[in-house]
Amino acid sequence: MNKENETTILKPGKDSNNQTIGLGIDLGGTKIAGALFNKDGMFSDKKIMYLENRTSDQVGELILDMVQYYVDWAEQKNLTIKRIGVSVPGIYHSKTGKVWAPNIPGWDDYPLLKKLDQKLFHKKIEIRIDSDRACYILGGSWKGAAKGSKNSIFIAVGTGIGAGIMIDGKVLRGAGDTAGAIGWVAVSVPYQDEYRIYGCFESHASGTGIALQVRKKLKKNNSVLKGLEELPIERISTVDVFKAYDAGDETAKEVIDEAIKFWGRASANLVSLFNPEKIIFGGGVFGPATQFLPEIYDEAKKWGQPISMQSVEFVPSKFGHEAGLYGAGFLSISENE
């Protein structure tokens, strides 16, 4: 009933009465979002459930609660859910059906496919699971900024940094399904111990990294953020850094300017390697960092292969926080051909 994850981009399918619907579920580190989809996109309200410190099977049960909510909703409308697509915050191992999700305790090698299939087999609902970064580019190619493109990269910058890479209409996965873990791209010297945990790129330019670099500089200089003088240094978040940047704080400006250079250099490497038509920037940091896309492109032009740089576009995601949900929705309504 459940098929190994496809590497090719899937095309939306439809049945004879045009009523094929699917359930998309986006699992994050703190919450689950769900919605029903058809070939035209999302057509139900979005529902959110919070993990609230749940671990291991408790998170799996919460996903099943989300499924049951929408199964009941669909039955009331005389509709049938044919497939479920699930976006997970980490690595989905397509050969084993297991998930590595470092932000969810007990999900070092969690058998998500087996757990869902055991409860849903009698409902004859097909299950498809994929990593969040793959879902970002799948959703973007279906209804988002990468629509019409066969060679695009979605750079998701939030707590961490990952990339969904589509080349010649296929999602690049790698030998162990870890392709796109670009937080570990080496774009700075010398090597620092923190890179072992976060990766070089992520340590400087993710949401976590930006806040980390600001805290380090404030402690070193015995200073505070402008407009946030009463905020303890250890509680400074990326949101606070962008507020201070807008207020003209020099430390915030220094760190954001550095992040712009890192985003540009990493993008240049991706452009030189893969020659994409578009690079889409999304995640919580883009967001407020969308204003810097022209500067990021200018930085990338210094480093990237010049012919490839002339043909690529740097664009923001159209989905905001719903990028993973749209990718999961795409998995849920697509047919293998």
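Residues numbered from 1 in each chain as written. Predicted model: local features only at pLDDT ≥ 70, side-chain atom pairs only at ≥ 80, totals over all residues. Heavy atoms only, no water.

### Quick look at the overall build of the chain
Within the chain one finds 11 helices and 15 strands. Whereas a compact globule of 337 residues would reach a radius of gyration of roughly 20 Å, the chain reaches 20 Å, a difference of no more than 12%. With the C-alpha coordinates of the chain rotated into their principal frame, the extents come out at 65 × 45 × 35 Å. Split into buried and exposed, the 337 residues of the chain put 52% on the buried side. For the chain, the proportion of contacts with a sequence separation of at least 24, taken over those separated by at least 6, is 65%. As presented, the chain carries roughly 15,900 Å² of accessible surface, and 49% of it is formed by carbon and sulfur atoms. (Helix = DSSP H or I, 4+ residues; strand = E, 2+ residues; numbered from the N terminus. Rg over C-alpha atoms; globule rule 2.2 N^0.38 Å. Buried < 20%, exposed > 50% of the residue type's maximum accessible area, 1.4 Å probe, protein only. Contact = heavy atoms within 4.5 Å. Areas by Shrake-Rupley, 256 points an atom, 1.4 Å probe, with all protein chains shown as cover.)

### Quick look at helix α3 (residues 132-143)
For α3, which comprises 12 residues, the first-to-last C-alpha distance of 16 Å matches the rise-based estimate of 16 Å (1.5 Å per residue) to within 8%. A large share of α3 lies buried, amounting to 11 of its 12 residues. For α3, the set of buried residues is Asp132, Arg133, Ala134, Cys135, Tyr136, Ile137, Leu138, Gly139, Gly140, Ser141 and Trp142. (Expected span 1.5 Å × (residues − 1).)

### A short note on the pattern of salt bridges
For the coordinates displayed, the defined rule picks out 14 salt bridges. The salt bridge partner of glutamate 254 is lysine 217, with a shortest N-O separation of 3.0 Å. Pair noted here: glutamate 254 is in helix α8 (residues 250-274) and lysine 217 is in helix α6 (residues 207-221), with a separation of 37 residues, a long-range link. Exposure remark for glutamate 254: the relative accessible area of 45% places this residue in the partly exposed category. Residue class for lysine 217 comes out partly exposed when judged on its relative accessible area of 21%. With its nearest N and O atoms 3.8 Å apart, the salt bridge here joins glutamate 299 to arginine 265. (Salt bridge = Lys/Arg side-chain N within 4 Å of Asp/Glu carboxyl O.)

### Points about the packing of helix α1 (residues 56-76) against helix α2 (residues 112-120)
Between α1 and α2, whose axes approach to 11 Å, the crossing angle comes to 45°. Accordingly, the angle class assigned to the pair α1 and α2 is oblique. Crossing of α1 against α2: the hand is right-handed. Here Asp57, Glu61, Ile63, Leu64 and Val67 of α1 come into contact with α2, specifically with Leu112, Lys115, Leu116, Lys119 and Leu120. Split by residue class, the contact of α1 with α2 holds six nonpolar, no polar and four charged. (Axes fitted to C-alpha atoms, helices over the stretch in contact; angles between N-to-C directions. Parallel < 35°, antiparallel > 145°, perpendicular 65-115°, else oblique. Left-handed = near helix turned anticlockwise from the far one by under 90°. Nonpolar A, V, L, I, M, F, W, Y, C, P; charged D, E, K, R; others polar.)

### Quick notes on the packing of aromatic side chains
Within the structure shown, the criterion is met by 15 aromatic pairs. Ring centres of phenylalanine 37 and tryptophan 142 lie 6.2 Å apart, and the angle between their planes is 50°; on these two criteria the pair is classed as tilted. Linking phenylalanine 37 in strand β3 (residues 31-38) with tryptophan 142 in helix α3, this pair joins segments that are 105 residues apart in sequence. For phenylalanine 37, a relative accessible area of 0% translates into the label buried. Summarising the aromatic geometry, the rings of tryptophan 107 and tyrosine 110 are spaced 4.3 Å apart at their centres and angled 10° between planes, so their arrangement reads as stacked. No difference in accessibility class separates tryptophan 107 from tyrosine 110, as the two residues are buried. Here the aromatic cluster, defined as three or more aromatic residues joined through ring pairs, consists of Phe37, Trp142, Phe319, Tyr326 and Phe330. The ring of tyrosine 69 carries lysine 47 above its face, with NZ or CZ at 4.5 Å from the centroid. Its end group placed over the ring of phenylalanine 262, arginine 265 keeps NZ or CZ at 5.6 Å from the ring centre. (Phe/Tyr/Trp six-rings, centres within 6.5 Å; stacked < 30°, edge-to-face > 60°. Lys NZ or Arg CZ within 6 Å of the ring centre and 35° of its normal.)

### Some remarks on the side chain of serine 334
Within the fold, serine 334 resides in strand β15 (residues 334-335). Here the side chain of serine 334 touches leucine 331 through a polar contact of 3.4 Å, landing on its backbone oxygen. (Polar contact = N/O pair within 3.5 Å; in protein donor to acceptor, adjacent residues only side chain to side chain.)

### Observations regarding the sheet that holds strand β13 (residues 278-282)
Spatial strand order, β12-β11-β10-β13-β14: five strands in an open sheet with mixed pairing. In this open sheet, the two edge strands, each paired with only one partner strand, are β12 (170-171) and β14 (313-316). Where strand β11 (residues 161-167) meets β12, two bridges bridge the pair, whose relative direction is antiparallel. Opposite methionine 166, over in β12, you have valine 171 as the bridge partner. (Pairing = 2+ DSSP bridges.)

### Regarding the confidence of the model for the chain
Scored by pLDDT, the chain has a mean of 91; 94% of the residues are at 70 or more. Element-level mean pLDDT values for the chain span from 46 in strand β1 (residues 11-12) up to 98 in helix α9 (residues 293-303). Within the model, the stretch residues 1-18 combines pLDDT values under 50 with 55 contacts to residues more than four positions away or in other chains. (pLDDT = per-residue confidence, 0-100.)

### Looking at the side chain of serine 206
Among the secondary structure elements, serine 206 is positioned in the loop between α5 (200-205) and α6. What makes serine 206 buried here is its relative accessible area of 0%. A distance of 3.4 Å separates the side chain of serine 206 from the backbone oxygen of threonine 159, its partner in a polar contact. Of the polar contacts made by the side chain of serine 206, one reaches the backbone nitrogen of glycine 209; its length is 2.9 Å. Filtering out sequence-adjacent residues up to four positions away, serine 206 remains in contact with Val157, Gly158, Thr159, Gly160, Ile161, Phe201 and Val285.

### As for unusual backbone geometry
The linkage connecting valine 189 with the following residue, proline 190, adopts the cis geometry, with an omega of 0°. If you trace the backbone, proline 190 turns up in the loop between β12 and α4 (195-198). A cis amide bond, omega -25°, links phenylalanine 286 with the succeeding residue glycine 287. Here glycine 287 is to be found in the loop between β13 and α9. Of note, serine 56 is a non-glycine position whose phi angle comes to about 40°, a positive value. Position of serine 56 relative to the elements: it lies in helix α1. By relative accessible area, which is 25% here, serine 56 ends up partly exposed. Positive phi values are uncommon outside glycine, yet asparagine 275 reaches one of about 50°. Of note, asparagine 275 is situated in the loop between α8 and β13.

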